[in-house]
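Residue-level listing of the chains:
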Amino acid sequence: MGQWWQERVVYQIYPRSFQDSNGDGIGDIPGIISRLDEIKALGAGIIWLSPVYCSPDADNGYDISDYYSINPKFGTMADMEQLFAEAQTRDIKIIMDLVINHTSDEHAWFQQSRDPQSPYRDYYIWRSAKPDGSPPNNWTGFFMGSTWTLDETSGEYYLHLFDQKQPDLNYHNPKVLEEVKAIMRFWLDKGAAGFRCDVINVIYKTTLDDGQKRPAIRGLEHYKSQEGNHAILRELRRDVLDHYDCFTVGETVMVDLQEARLLCEPERKELDMVFYFDHLEVDRRIARYLPKRFKAKNLLAVLTKWQQGLTWNALYLENHDQPRIVSHYGNDRQYLTRSAKLLATLQFTLRGTPFVYQGQEIGMTNFDYHSMAQLNDVESKNVDALMKKMHIPRWLRWRWIRMASRDNARTPMQWTGAEGAGFTIGVPWLGINRNHKHLNYAEQADDNRSVLSYYKRMIALRAGSETLRYGSFEPIAADNRMMAFARTLGEERFVTLLNFSTATVNAPMAGEVLIANTGIQTYQGRLEPYEAIVLRQTIGGDAI
Ligand code: ISL
Ligand code: CA
């Protein structure tokens with residue numbers, strides 16, 4: 001009925017934390033190959049591979065120094081080719097991470113660009129200081145602080161929306177786009193089935209004028225979702241993507257529904273779907289900097305807006321930048337297993353392509369670290385340093401880091417309860433959560449009450465149901481604690497009931513129980529703490 005990328009489930013791999021094969025403590029490509037059967041068993045049909053290209057790893061691979069070769073930490077190009085082949089044998093497609101807003105400052109283009117006479121000068125965005133010696137404008141970046149760094153060699157500043165080791169490419173130079181097309185063709189020819197496009201709605205800077213006053217990310221209005229950005233996406237689609245059987249999902253930062261529609265409605269011929277952030281920020285103020293109380297009705301309102309506003313959604317609750325969902329919207333203490341299953345029920349009964357992040361399928365939780373010294377994330381470090389400058393006390397800084405650090409999602413995959421968690425026999429590059437002793441893949445694989453088994457059931461259910469994949473979405477009811485929504489196709493309707501609280505709540509509704517995270521067989525109109533139930537109804541039939 002739909003496209004293959006609408007039918008399949010995506011599994012995201014963050015390579016350095018997935019499976020180490022040689023004992024150096026870093027996950028690698030041979031490690032991924034050795035786990036393809038587990039990915040297949042889950043029911044996923046696409047892998048999104050976070051960056052494996054050569055990189056000095058200032059931002060763990062999102063700072064690329066060579067788009068055409070594999071980081072030796074992860075293996076070789078021959079390993080990568082074997083991964084494509086082994087995945088294909090299992091009918092698993094692979095999409096690559098396309099990071100083209102910026103490169104590493106160690107990329108050859110940037111190294112040459114530092115010479116004002118070089119033909120590569122215009123590959124990046126260079127400007128001289130203001131007359132008073134201050135940076136060219138007042139913009140502040142995603143990782144805090146000015147977006148400009150002075151390069152002593154050339155006496156000018158270069159622009160970087162992210163870390164200073166991630167200089168932004170200049171999309172006013174047509175040569176840059178030609179380079180991008182070549183990179184895309186290279187990977188598509190190798191066997192990639194598409195791309196996840198990193199921060200793809202901020203690549204085109206219309207002007208470099210000062211930005212309006214705002215608490216963070218000043219200057220945004222000059223580069224977010226600009227007309228020039230749309231033109232680039234259409235050109236990449238026409239010149240490259242349309243010539244392959246592939247799809248794109250754009251990571252679109254601070255995007256609203258109107259902008260998202262322009263980026264991914266089918267007739268626009270730009271992206272196929274986008275990752276937005278709204279639904280993960282209903283319990284955060286000022287984007288994600290201050291916590292606020294979670295209310296199920298706020299989450300349902302946001303989901304409804306996007307479910308009904310876009311033709312097709314990218315459905316995700318976790319990735320390598322977000323805290324673990326069971327520690328965020330779930331309850332990782334008393335109701336760990338049950339709330340992890342509730343979140344799976346939510347994700348797989350929405351309309352769109354589901355993306356499962358490694359470890360999500362076993363209910364992995366946020367890290368259990370107790371100090372900054374255990375962290376690796378460049379964003380956490382930069383934010384901590386900035387907060388320190390603002391005289392924010394250490395305990396308050398730590399409270400924020402613990403809640404929001406990206407390292408929450410980056411602790412190594414918990415395959416077994418052994419030391420090293422089955423991830424490595426060496427010293428892991430980032431600390432393993434001590435809860436791996438009881439929370440791990442091996443324990444869950446043969447337990448049909450486990451989170452893992454529930455994910456498998458949900459994925460199979462979705463695969464077998466046109467209504468779950470393509471049915472329309474209607475909100476039914478919600479309050480602070482619970483939500484209910486329906487998916488309808490023809491005569492068939494599924495109703496999802498979710499209780500996001502530790503209380504028992506009443507929610508009268510008829511229908512036959514299709515699946516429940518508590519295992520109940522008949523629904524009595526009452527939801528237990530963190531209970532999730534999917535009811536099946538037949539329109540015009542007895543059930544309603
Ligand atoms: O991670 C965030 C929230 O914690 C965002 O600010 C994030 O930086 C933004 O979503 C962009 O993310 C992507 O590009 C970054 C990279 O660090 C992230 O890992 C990547 O997903 C720069 O390439
Ligand atoms: Ca390794």
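1. A look at the domain arrangement of the chain
Moving on, step 1. By the assigned domains, the chain splits into domain 1 (4-102 + 174-367 + 443-455), domain 2 (108-159) and domain 3 (471-538).
Moving on, step 2. Centre-to-centre separation of domain 1 and domain 2, based on C-alpha positions: 29 Å.
Moving on, step 3. Between domain 1 and domain 2, the contact holds 22 residues from the first and 17 residues from the second.
Moving on, step 4. Of the roughly 1600 Å² buried at the junction of domain 1 and domain 2 (both faces included), carbon and sulfur atoms supply 62%.
Moving on, step 5. Interface area lost by domain 1 to domain 2 is led by E179, L208 and R218, which between them contribute 35%.
Moving on, step 6. Counting across the domain 1 and domain 2 interface gives 1 salt bridge.
Moving on, step 7. Put simply, K130 and D210 hold a salt bridge, and the shortest N to O gap is 3.4 Å.
Moving on, step 8. Taken together, domain 1 and domain 2 are joined by 9 residue pairs in polar contact (both at pLDDT 80 or more).
Moving on, step 9. Class assignment for the residues of the side of domain 1 that touches domain 2 results in 10 nonpolar, 5 polar and 7 charged.

2. Re the nonpolar core
Moving on, step 1. Ranked by internal contacts, the top residues of the largest apolar core, which has 152 residues, are M80, M96, Y171, W187, L346 and F500.
Moving on, step 2. In contact with F500, other than residues within four places in its own chain, are F294, A296, L299, Y329, L342, L343, L346, R481, M483 and Y530.
Moving on, step 3. If you look at the next biggest cluster of nonpolar residues, it comprises 13 residues, including A484, V513, A516 and L527.

3. Topic: the environment of D28
Moving on, step 1. The residue D28 is located in the loop between strand 1 (10-13) and helix 2 (29-34) in this model.
Moving on, step 2. For the pair D28 and N435, spaced 407 residues apart in sequence, the C-alpha to C-alpha distance is 23 Å.
Moving on, step 3. If near-sequence neighbours (up to four positions away) are discounted, D28 is found in contact with P15, Q19, D20, S21, N22, K73 and F74.

4. Thoughts on the coordination of the calcium ion (ligand 2)
Geometry sets the ideal angles at a metal, namely 109.5 degrees for four tetrahedral donors and 90 or 180 degrees for six octahedral donors.
Moving on, step 1. On the protein side, the calcium ion (ligand 2) has D20 (OD), N22 (OD1), D24 (OD), I26 (O) and D28 (OD) as donor atoms, found 2.2 to 2.4 Å from it.
Moving on, step 2. Owing to a relative accessible area of 2%, D28 belongs among the buried residues under this scheme.

5. A look at the pattern of salt bridges
Moving on, step 1. Counted according to the given criterion, the structure contains 45 salt bridges.
Moving on, step 2. One salt bridge connects E466 with R469, and the closest N-O pair in it is separated by 3.4 Å. With E466 and R469 both in helix 16 (residues 466-470) and 3 residues apart, this pair spans about one turn of that helix.
Moving on, step 3. Under the relative-accessibility criterion, E466 is labelled partly exposed at 36%.

6. A word on unusual backbone geometry
Moving on, step 1. Its identity is not glycine, yet N60 carries a phi of approximately 45°, on the positive side.
Moving on, step 2. One non-glycine residue, M254, adopts positive backbone phi at about 50°.
Moving on, step 3. Its location among the elements puts M254 in the loop between strand 10 (247-251) and helix 8 (257-264).

7. A closer look at helix 6 (residues 174-190)
Moving on, step 1. With 17 residues, helix 6 should reach 24 Å at 1.5 Å per residue; the first-to-last C-alpha distance of 25 Å fits that figure.
Moving on, step 2. Among the residues making up helix 6, those that are buried are V176, L177, E179, V180, K181, I183, M184, W187 and L188.
Moving on, step 3. Measuring from the side-chain oxygen of the N-cap residue of helix 6 to the backbone nitrogen of K175 gives 2.9 Å; that N-cap residue is N173.
Moving on, step 4. Positive phi appears at G191, one or two residues downstream of helix 6, with a value of about 130°.

8. Some words on the environment of Q308
Moving on, step 1. You can see Q308 is positioned in helix 9 (residues 296-309).
Moving on, step 2. Q308 gets classed as partly exposed once you look at its relative accessible area, which sits at 48%.
Moving on, step 3. With 166 residues separating them in the primary sequence, Q308 and E474 have C-alpha atoms 8.1 Å apart.
Moving on, step 4. Those residues in contact with Q308 that lie beyond four places of it in its chain are F473, E474 and P475.
Moving on, step 5. Looking at Q308, its side chain comes within polar contact range of the main-chain oxygen of F473, at 2.9 Å.

The rules we used
- Residues numbered from 1 in each chain as written.
- Chains lettered and ligands numbered in written order.
- Predicted model: local features only at pLDDT ≥ 70, side-chain atom pairs only at ≥ 80, totals over all residues.
- Heavy atoms only, no water.
- Domains from an automatic or database assignment.
- Contact = heavy atoms within 4.5 Å.
- Buried area = accessible area lost by both parts, 1.4 Å probe.
- Salt bridge = Lys/Arg side-chain N within 4 Å of Asp/Glu carboxyl O.
- Polar contact = N/O pair within 3.5 Å; in protein donor to acceptor, adjacent residues only side chain to side chain.
- Nonpolar A, V, L, I, M, F, W, Y, C, P; charged D, E, K, R; others polar.
- Core = buried A, V, L, I, M, F, W, Y, C linked by side-chain atoms within 4.5 Å.
- Buried < 20%, exposed > 50% of the residue type's maximum accessible area, 1.4 Å probe, protein only.
- Helix = DSSP H or I, 4+ residues; strand = E, 2+ residues; numbered from the N terminus.
- Donors = N, O, S within 2.8 Å, 3.2 Å for Na, K, Ca; no water.
- Expected span 1.5 Å × (residues − 1).

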